[in-house]
Amino acid sequence: MSHKKHPIIIGIAGGSGSGKTTIAHELYDQFKNDRIRIITEDSYYKDHPEMTQEERDQINFDHPNAFDTDLLISQLQDLTSGKAVEMPVYDFPTHLRKHETVHVEPADIIILEGILVLAIPELRDLMAIKIYVDTDDDIRLIRRQRRDMAERGYSFDYIIDQYMATVKPSYHQFVEPSKRYADIIVPEGGGNQVALDMLTTKIRDILRRNDLEEQKEA
Amino acid sequence: MAERQKPLVIGIAGGSGSGKTTVAKAISKRLPADRVLILTEDAYYKDNAGLSMEERKAINYDHPNAYDTDYMVSQLKQLLNGQAIEMPTYNFNTLTRAKDTIHVEPADIIIVEGILVLASEELRQFMDVKLFVDADDDIRFIRRLQRDTQERGRSIDWIIAQYLATVKPSFNQFIEPSKKYADIIIPRGGENDVAIDMVSSKLLSIIRDHKRHERSEATMPAKPNPAK
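Just so it is clear, the model here is predicted, and its values are computed rather than measured. (Residues numbered from 1 in each chain as written. Chains lettered and ligands numbered in written order. Predicted model: local features only at pLDDT ≥ 70, side-chain atom pairs only at ≥ 80, totals over all residues. Heavy atoms only, no water.)

J.: Help me understand the packing of aromatic side chains, please; the structure alone is not making it clear to me.
T.: Any aromatic ring pair is given by two values, namely how distant the centres are and how the planes are angled relative to each other. Overall, the coordinates contain 13 aromatic pairs over all chains when judged by the stated rule. Taken together, a centroid distance of 5.1 Å and an interplanar angle of 50 degrees make the contact between B:Tyr45 and B:Tyr90 tilted. Residue B:Tyr45 is located in the loop between strand E2 (36-40) and helix H2 (53-57), and its partner B:Tyr90 is located in strand E3 (residues 85-91); the two are separated by 45 residues in the primary sequence. The pair B:Tyr45 / B:Tyr90 is uniform in exposure class, with both members buried. Here the aromatic rings of B:Phe141 and B:Tyr163 are separated by 4.8 Å at their centres, their planes lie at 65 degrees, and the arrangement is edge-to-face. Note that B:Phe141 is positioned in helix H5 (residues 137-150) and B:Tyr163 in helix H6 (residues 156-175), a separation of 22 residues in sequence. For B:Phe141, a relative accessible area of 24% corresponds to the partly exposed category. A relative accessible area of 8% places B:Tyr163 in the buried class. Pairwise contacts between aromatic rings join A:Tyr45, A:Phe61, A:Phe67, A:Tyr90 and A:Phe92 into one cluster. (Phe/Tyr/Trp six-rings, centres within 6.5 Å; stacked < 30°, edge-to-face > 60°. Helix = DSSP H or I, 4+ residues; strand = E, 2+ residues; numbered from the N terminus. Buried < 20%, exposed > 50% of the residue type's maximum accessible area, 1.4 Å probe, protein only.)

What follows is the structure, encoded as structure tokens:
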């Protein structure tokens, strides 16, 4: 049974609607196999069953405190040491963790994607490559508004209120400053073919190097 | 005769003191020397031999007009066509084009490096990859100050005066806006091993592809040369 050696974590951060999730998936699609996984920070929102729906609606989802970072760190450490994890699943309309989990096997490459992944030092320390996806604020708001209405069932007023009350301030306080920790800044995220191509080539190199090392050890 | 593969052109721009030259050299060092060449925009300052020394000193060297971009573009085209060039050299003490040229053979990878290379549409159209090296304004200022006092023997007052009069305004007017053309922005320039490694990996894979193509061409029977 092959043991995943030297798994590396690639962090992709950026504001909401920047295209970071898109580029994470585009990268994954280049390989689409069990050697690469995507872990989404969004899956690790804290569970608050003790609160009412109204109280949960008021949570600041863009603040580091909203995330169960300890769980995320320990699961990433498990994956990098070759152990499978049960990744939590989050339900956005109700703001609650679901009962089911997603079984995730270790892999050579783990893409960790989320707005605050570069803002948290313990997460940064686990990353071999740190990427920040940068897109104009207005474009990001338009994308977020479209997505939240279509996928998460939020109302237009809630989206704008939430954006002004928590998303934008958190962006300036936590997300944007994390740009300075990036190794590479990718403008525009999805659709940036040159960046996608360069990242794909790098990942391919890493996989090839891992293969060579495994052959030597065999 | 092996058919020439089209060279890959990679543009590297950024403010003065951003680390772009360091990045260009670091990338180039990781590639086989005969497969890469660097075209430095600084070599293509206009020859102002017809002006007096006073007039030459008064020129804004951070403005697009200071560069002989047409000449740079034409030499780039020659390299892309597989022809060697005689690259000009610039004398920063006399502020004129020097007599010596540097003979440059074509290569698989052409790095085009300079503050304004992304600001020029003519240069951009040849680039397959566009990089912008970014650093905080104050860091860039400190580096430029250190470099200009050590390498070019200028006084601190002169450097600050030039910086405020021409370097910074040019950065805001021409260089920073060119960031939007970049495919990838590299922060912390010369110390950024991860970015340098990633770009180099891509270029190495292109060189490997070219070599593979050359080998397969070499084993094929010779084709009659079409009339040019």
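J.: Just to check I follow, could you spell out the pattern of salt bridges for this structure?
T.: As a working rule, side chains carrying opposite charge can pair if their charged atoms are close by. Scanning all chains against the criterion turns up 28 salt bridges over all chains. Residue A:Asp137 pairs with A:Arg140 through a salt bridge whose shortest N-O separation is 3.0 Å. A residue pair is termed a helical-turn pair when its members lie 3 or 4 positions apart in one helix, as A:Asp137 and A:Arg140 do in helix H5 (residues 137-151) at three residues. Since its relative accessible area comes to 3%, A:Arg140 is described here as buried. Taking the shortest distance from any N to any O, the salt bridge between B:Arg208 and A:Asp205 comes out at 3.8 Å. Here B:Arg208 is found in helix H7 (residues 193-219), whereas its partner A:Asp205 is found in helix H7 (residues 193-217) on a different chain. (Salt bridge = Lys/Arg side-chain N within 4 Å of Asp/Glu carboxyl O.)

Bear in mind that shape data such as this cannot, by itself, settle questions of function.
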